Amino acid sequence: MQNIDLIILLAGVVAGAAPIVMATLGETITEKAGIINLSLDGTILLSAMAAFAVSFDTGSLLLGFAAAGCVGALVAFTVGVFSIYLGQSQIAVGFVLTLMCRDLAYFLGNSYARLHGPQVEPAPIPLLRDIPVVGPIFFSHNLPVYGSLVLIGLAWWYLYRTPMGLRLRAVGEHPRAAYARGIHPRRIQMIYVLVGGLFVGIAGAVFSLSAKPGWGRPQGAEGTGWIALALVIFGGWHPVRAALGAYLFAFLQMMGIYLQGWFPSIPAQVFQVAPFPLMIFTLVLMYLSRKENFLLRAENRPRLKSILKILSGSAPTALGKPFRPE
Amino acid sequence: MKSEPVIMNDSAPAAARSRRVFRFFGEIGLTLSIVLIFAVGVLLLAGAPPFSAFYHLFKGSLGSGSKLGHVLNTWVPLTLCACGLLYTFRIGLWNIGVEGQVMVGAVFTTLILRTGMGQPFPNAFIGLALLAGGIGGGIWALATGYLKTRGGVNEIFAGLGMNFVAQGLILWLIFGPWKRPGVASMSGTELFPRELWLPTAGFLRLSPVGFTLTLFAVAVTAVLLRYARIGLNLRAIGGNPRAAYLFGLQPGRYMLLAMIFAGGFAGLAGGLQVSGIYHRLIPAISSNYGYLALLVVMLANYNVWAVPAVAFFFACLNVGSIQLPMVLQVDSSLAGVIQGTLVLAVLAVHGWRARSRKAGSS
């Protein structure tokens, strides 16, 4: 049996969750404006491939990240045009793009498979890294990881503390009312579909240039997009809670590695599956927390009540319903 | 989105009709050009000669009898899954869990075939195994359905979660209780004895049982969805659940029914993969056919008669692309790129038509 060094474990969680956090925040922003971008899983792979290919050819990590962001925004743009302007089902377009981008990534990235490419260098922050416990967990990583931490606060501040964020949420909740107040719902939705896609693309770059460096078939980022989509719901469409969900998920994945050390007869893939039933269970609890007769039953059970309180959250009212101006 | 029969009005001037025909072929031409331009662009980007890639796609799928047999063997699970999805789409459910339903069907079939090893009446066991496959897929779909109707979990996320769980189940079985004597590996469980293989016939190496079952599934689906009351009720609930409820239909019950149909067909597809193709359980037993079937149904515009043709075309692309890595050193995922582009182009043309019609009427 191996011992768990808690600090190393938590530092690994913070680093490993970085791309998931970015993708989850990007999707939260998009969904807050009322659009579901279901293409995440494919987008992450395609942008991961683009990031690796570009930085391999040019030797510049910055260009790699930029390329990934552009790819993410481009896929999101497709979702936006189809759903906002052509009136097609967001789910259908997103799903087709998920499969297509994944295949496109494998096809175009074929010649870059299993090559040794550039990686983001670790950049511990001086002074802060020497703080006991907190230092190694938060301040001994690389720039993308710090970026993911900053982004959590930034997304929350933007959504809930700025006039632009208010407009964004107004469009997601009640586009008609927003329209009456002189806001263009379609324009706003398109902007945040692009912004969300940009973050998802950068998340892909974080995979292929930092968290799971390199490209191949499979890359190792497969499935992350779907997890990010579930985490948005898990987080009740709140950026901080969604990010916490991403850390919980990364923690469960890390625990899977330890558990595998303890039970070597069970293949690793089984442990990687473990978070999914948990996610479904949480979604059921979230649904029940909105049911009145279930709440009554929970009334004299304080622990259940507090769990339900934490889990409560509701989707933007106009999520998935395209706005059509008269 | 739903295909409405075009009412041919005899009194309409011939000019209007020819304009409609012209536009119909114009749209097809536009769709195909979008796909062709995109595919050529992608091939050039990957440094492959486009013309010879298309040639190899064709030669690799319809170039010989054994290739055609391979195509039909792919067509069978694809069409079965797509038929099942017609029920769930009709009621407005996105059954992404179809992939896991194929896998669990395969697991149930394997279970029965394992108990049938060395027993008399192997054919009875094969029949029982296929039936078990359908039941397994149905149970897995029913779980997702209950999560939707009772647990309030969106069927997309419930289905995806169940897919990952099914994949975990298969890996656990292959590496755990059903591991091959000696060493467990990703190549799957041990082969079944020959008498438990689904018999194949002719130079196509195609199983007549699987092929007949698939044709039967298409016919049953067509009758149920187009001419029976269940099809009407599913469409009524899919169109407006509240109104259907007031009309005395219970949406929850019909959702579960649609899920059972979808899961049953998908599970049967999984069972046929085990008993007819691989003769064992392998980790990639579903071969992504469930996900691909969703695209098939979308491209067929939710029309049951178009499903077999679209599935055949998709099967050709899948089989034709297998040899691409050898002859052109490009990845076989070109098939998926073309399939996705095709569906996207159709959606774009649809949206464009709806937009221009609205602009014309107002």
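Here the structure is a predicted model, which is why all the values come from computation and not from measurement. (Residues numbered from 1 in each chain as written. Chains lettered and ligands numbered in written order. Predicted model: local features only at pLDDT ≥ 70, side-chain atom pairs only at ≥ 80, totals over all residues.)

What about the overall build of chain B?
Stage number 1. Tallying secondary structure elements over chain B gives 14 helices and zero strands in all.
Stage number 2. Scanning chain B from its N terminus toward the C terminus, one meets helices and strands in the order α-α-α-α-α-α-α-α-α-α-α-α-α-α.
Stage number 3. The C-alpha atoms of chain B give 22 Å as radius of gyration, which agrees with the globular expectation for 362 residues (21 Å, within 12%).
Stage number 4. Taken along the three principal axes of its C-alpha coordinates, chain B extends 75 × 60 × 35 Å.
Stage number 5. For chain B, with 362 residues in total, the buried portion stands at 49%.
Stage number 6. Here the contacts in chain B between residues at least 6 apart in sequence split such that 78% fall between residues at least 24 apart. (Helix = DSSP H or I, 4+ residues; strand = E, 2+ residues; numbered from the N terminus. Rg over C-alpha atoms; globule rule 2.2 N^0.38 Å. Buried ≥ 20, exposed ≤ 12 C-beta atoms within 10 Å, placed from the backbone. Contact = placed C-beta atoms within 7 Å.)

What about the overall build of chain A?
Stage number 1. On a plain count of helices and strands, chain A comes out with 15 helices and zero strands.
Stage number 2. Its C-alpha radius of gyration of 20 Å places chain A within 12% of the 20 Å reference for a compact globule of 326 residues.
Stage number 3. Considered along the principal axes of its C-alpha atoms, chain A spans approximately 55 × 55 × 45 Å.
Stage number 4. Across the 326 residues in chain A, those meeting the buried criterion constitute 47%.
Stage number 5. In chain A, 75% of the contacts between residues at least 6 apart in sequence involve partners at least 24 apart.

Some details on the domain arrangement of chain B
All names here are of chain B.
Stage number 1. Examined at the domain level, chain B breaks down into domain 1 (15-44 + 333-362) and domain 2 (71-320).
Stage number 2. Centre-to-centre, using C-alpha coordinates, domain 1 lies 30 Å away from domain 2.
Stage number 3. On the domain 2 side, the residues contacting the six residues of domain 1 number six residues.
Stage number 4. Here the side of domain 1 that touches domain 2 is composed, by residue class, of five nonpolar, one polar and no charged. (Domains from an automatic or database assignment. Nonpolar A, V, L, I, M, F, W, Y, C, P; charged D, E, K, R; others polar.)

Regarding the nonpolar core
Residues and elements named next belong to chain B.
Stage number 1. Among the nonpolar cores identified, the biggest contains 208 residues, and Leu78, Cys81, Ala82, Ala293, Val296 and Val297 are the most heavily contacted of them.
Stage number 2. No fewer than three residues from each of domain 1 (15-44 + 333-362) and domain 2 (71-320) sit in this core.
Stage number 3. The residues touching Ala82, leaving out its near neighbours within four places in the chain, are Ala293, Val296, Val297, Val307 and Ala311. (Core = buried A, V, L, I, M, F, W, Y, C linked by C-beta atoms within 7 Å.)

Re unusual backbone geometry
Stage number 1. Backbone torsion omega between Arg217 of chain A and Pro218 of chain A reads 0°, so that peptide bond is classified as cis.
Stage number 2. Take Pro218 of chain A: it is sitting in the loop between α9 (185-211) and α10 (224-234).
Stage number 3. The phi torsion at Asn288 of chain B lies on the positive side, around 65°, for a residue other than glycine.
Stage number 4. Topologically, Asn288 of chain B is positioned in the loop between α10 (251-278) and α11 (289-299).
Stage number 5. Note on Asn288 of chain B: 15 C-beta atoms within 10 Å, which makes it partly exposed.
Stage number 6. With a phi angle near 60°, Tyr302 of chain B is a residue other than glycine that sits in the positive phi range.
Stage number 7. You can see Tyr302 of chain B is positioned in the loop between α11 and α12 (306-320).

Description of helix α3 (residues 61-85) of chain A
Stage number 1. Taking 1.5 Å of rise per residue, 25 residues should cover 36 Å, and α3 of chain A covers 35 Å from first to last C-alpha, within 8% of that figure.
Stage number 2. At the C-terminal side of α3 of chain A, Gly87 of chain A shows a positive phi close to 65°. (Expected span 1.5 Å × (residues − 1).)

Describing the environment of Leu299 of chain B
Residues and elements named next belong to chain B.
Stage number 1. Structurally, Leu299 is set in helix α11.
Stage number 2. For the pair Leu299 and Gly63, spaced 236 residues apart in the sequence, the C-alpha separation amounts to 25 Å.
Stage number 3. In contact with Leu299, not counting residues within four places along its chain, are Val310, Leu342, Val343 and Val346.

Looking at the packing of helix α2 (residues 50-62) of chain B against α12 of chain B
To characterise two packed helices, one gives the angle between the axes of the helices and the distance between these axes.
All names here are of chain B.
Stage number 1. Running from N to C, α2 and α12 point in directions that differ by 105°, and their axes come no closer than 7 Å. Here α12 runs roughly perpendicular to α2, going by the angle between their axes. The residues of α12 that touch α2, namely those facing His56, Leu57, Phe58, Gly60, Ser61 and Leu62, are Cys316, Leu317, Val319 and Gly320.
Stage number 2. Across the contact of α2 with α12, the residue classes break down as six nonpolar, four polar and no charged. (Axes fitted to C-alpha atoms, helices over the stretch in contact; angles between N-to-C directions. Parallel < 35°, antiparallel > 145°, perpendicular 65-115°, else oblique.)

Side note on the environment of His238 of chain A
Residue and element names in this part refer to chain A.
Stage number 1. Within the element layout of this structure, His238 appears in the loop between α10 and α11 (239-262).
Stage number 2. For His238, a count of 18 C-beta atoms within 10 Å puts it in the partly exposed group.
Stage number 3. His238 sits 74 residues away from Met164 along the chain, and the two C-alpha atoms are 16 Å apart.

Quick look at the interface of chain B and chain A
Stage number 1. Each partner contributes residues to the interface: chain B has 41 residues there, and chain A has 32 residues.
Stage number 2. Within the residue set of the side of chain B that touches chain A, elements represented by two or more residues are α1 (14-45), α6 (155-175), α11 and α14 (334-361) of chain B.
Stage number 3. Broken down by class, the residue content of the side of chain B that touches chain A amounts to 27 nonpolar, 12 polar and two charged.

Some remarks on the confidence of the model for chain B
Residues and elements named next belong to chain B.
Stage number 1. Across chain B, the average pLDDT comes to 90, with 96% of residues at or above 70.
Stage number 2. This stretch, residues 1-8, has a pLDDT under 50; its non-local contacts, to residues over four places away or in other chains, come to four contacts.
Stage number 3. Scored as a whole, the predicted complex attains pTM 0.91, and scored at its interfaces, ipTM 0.89. (pLDDT = per-residue confidence, 0-100.)

With respect to the environment of Arg114 of chain A
Stage number 1. Secondary-structure assignment places Arg114 of chain A in the loop between α4 (90-108) and α5 (134-138).
Stage number 2. Along the primary structure Arg114 of chain A and Gly216 of chain A are separated by 102 residues, whereas in three dimensions their C-alpha atoms are 5.6 Å apart.

A closer look at the packing of helix α3 (residues 65-90) of chain B against α12 of chain B
All names here are of chain B.
Stage number 1. Packing of α3 against α12 leaves a shortest axis separation of 8 Å and a crossing angle of 130°. Comparing the axis directions of α3 and α12 gives the class oblique. Where α3 crosses over α12, the handedness of that crossing is right-handed. Residue-level inspection shows Lys67, His70, Val71, Thr74, Trp75, Leu78, Thr79, Ala82 and Cys83 of α3 in contact with α12, the latter providing Val307, Pro308, Ala311, Phe312, Phe314, Ala315, Cys316, Asn318 and Val319.
Stage number 2. Along the lines of polarity and charge, the residues of the contact of α3 with α12 split into 13 nonpolar, four polar and one charged. (Left-handed = near helix turned anticlockwise from the far one by under 90°.)

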